[in-house]
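Geometric and topological summary
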Amino acid sequence: MAQARDWLREASSIAVLTGAGVSAESGLPTFRGPNGLWRNHKPELLATPQAFADDPKLVWEWYDWRRSVHSKCEPNPAHRALAELERRVAGFQLITQNVDSLHERAGSQRMLHLHGSVWRTRCLGCAEEKWNDQVPLDPLPPHCLCGAMLRPAVVWFGEPLPEHELRAALEAARGAQVFLVIGTSSAVYPAAALPRVALENGARVIEINPERTALSDAAHVFLQGPAGELLPQLL
Ligand code: BJW
Ligand code: ZN
């Protein structure tokens, strides 16, 4: 912990990659692990274009439920500590896989969203993207003014990540002196490759997670525990 704290204090460029675990203490379930089931469906099997094509109403019900859970949750001390770190360090970049908006609600601004947002919809007909914070959505599935069905503006398996976000995230990973990896199982690519890119480019990599992950052996420091407790101590 002391070593990691020194690196963070001395660094002029810091990049942070977050995953679902950073929002766990706000009450949001993660994707994988013991609590990762929704009505007997595995979330990672619902987050696919195939699941949506097979049963758009089922997939929308899952997103509608998640939107309603998200709307009742508040940012936790981990989100707030990262927003504070951004205010202190000029060369700061937050990269998130999360779609919940809790980082923004905690005050983060220099953010890249790799997997989109549950609060945006995209039209399957005219492709228009829009902010939509209606909870619950009615009717379900929702439709665009053009008549076509809407989908959540998130990135499902097999879909490309938004080009600008991914390019900027790679650039931040290459340029970071310290790369923090918080609350992600490091199982989903290309996000999981970012800490490796940072390592290859000489960054100190610090991981925070209650469980060891595919990254833990390669990280310079692995801090085992919940982000909401460890991050405020670290920063
Ligand atoms: C705590 C905590 C606390 C608990 N404090 N921590 C083989 C090799 C490489 C790649 C592939 C491959 N086979 C297939 C692929 C590609 C595929 C992939 O990676 N698959 C893997 C499963 C192998 N990737 C893709 O398909 C991506 N696209 C792509 O590659 O496109 C290529 C392409 C190019 C050009 C044209 C076409 C295609 C897209 C990936 C999209 C992922 N989407 C989702 C859903 C988003 C929408 C939604 O939210 O519904 O993103 S899936 C889901 O996983 C979500 C998450 O962002 C993502 C990562 O999950 P995360 O955040 O790590 O959560 P968990 O639950 O896994 O982990 C939580 C962690 O928190 C745990 O470690 C806990 O211990 C910890 N934790 N409490 C801190 N208090
Ligand atoms: Zn439309």
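Look a little higher up for the structure.
Every value quoted in this text rests on a predicted model; they were computed, and no experiment measured them.

**Focus on the coordination of the zinc ion (ligand 2)**
When a metal carries six donors in an octahedron, the ideal angles between them are 90 or 180 degrees, while four donors in a tetrahedron ideally lie at 109.5 degrees. Within the protein, C123 (SG), C126 (SG), C144 (SG) and C146 (SG) serve as the donor atoms for the zinc ion (ligand 2), at 2.3 Å. Relative to the metal, the four donor atoms surrounding the zinc ion (ligand 2) lie at angles of 101 to 123°, and the coordination shape comes out tetrahedral. Overall, C123 belongs to the buried group, its relative accessible area being 4%.

**Focus on the pattern of salt bridges**
All told, the structure shown has ten salt bridges when counted by the stated rule. R105 is paired through a salt bridge with E74; the nearest N and O atoms lie 3.4 Å apart. On the criterion of sequence distance, the pair formed by R105 in helix α6 (residues 102-106) and E74 in the loop between α4 (56-71) and α5 (77-88) is long-range, its members being 31 residues apart. Relative accessible area serves as the criterion here: at 51%, E74 is assigned to the exposed category. In this structure, E129 and R120 form a salt bridge, with 3.2 Å as the shortest nitrogen-oxygen distance. Relative accessible area serves as the criterion here: at 37%, E129 is assigned to the partly exposed category.

**Focus: unusual backbone geometry**
Trans is the prevailing form of peptide bonds, just as negative phi is the prevailing case for residues other than glycine. With omega at -5°, the peptide bond leading from L140 into P141 counts as cis. Mapped onto the secondary structure, P141 falls in the loop between β5 (129-131) and β6 (150-154). With a phi angle near 55°, S186 is a residue other than glycine that sits in the positive phi range. Summarising the element assignment, S186 is placed in the loop between β7 (178-182) and α8 (194-200).

**Some thoughts on the sheet that holds strand β4 (residues 116-123)**
If you trace the three strands from one edge of the open sheet to the other, you get β5-β4-β6, paired in antiparallel fashion. The open sheet has two edge strands, β5 and β6, and neither has a second partner. Neighbour-to-neighbour, the strand axes of the sheet open up by a mean angle of 45°, direction not taken into account. In this sheet, β5 lies alongside β4 in antiparallel orientation, the contact comprising three bridges. Bridging across to β5, R120 finds its partner in W131. Lying on the sheet, α4 is in contact with β4 and β6; it crosses β4 at an angle near 140°.

Conventions and cut-offs
- Residues numbered from 1 in each chain as written.
- Chains lettered and ligands numbered in written order.
- Predicted model: local features only at pLDDT ≥ 70, side-chain atom pairs only at ≥ 80, totals over all residues.
- Heavy atoms only, no water.
- Donors = N, O, S within 2.8 Å, 3.2 Å for Na, K, Ca; no water.
- Tetrahedral: all angles 85-135°; square planar, octahedral: opposite > 155°, others 65-115°.
- Buried < 20%, exposed > 50% of the residue type's maximum accessible area, 1.4 Å probe, protein only.
- Salt bridge = Lys/Arg side-chain N within 4 Å of Asp/Glu carboxyl O.
- Helix = DSSP H or I, 4+ residues; strand = E, 2+ residues; numbered from the N terminus.
- Pairing = 2+ DSSP bridges.
- Axes fitted to C-alpha atoms, helices over the stretch in contact; angles between N-to-C directions.
- Contact = heavy atoms within 4.5 Å.

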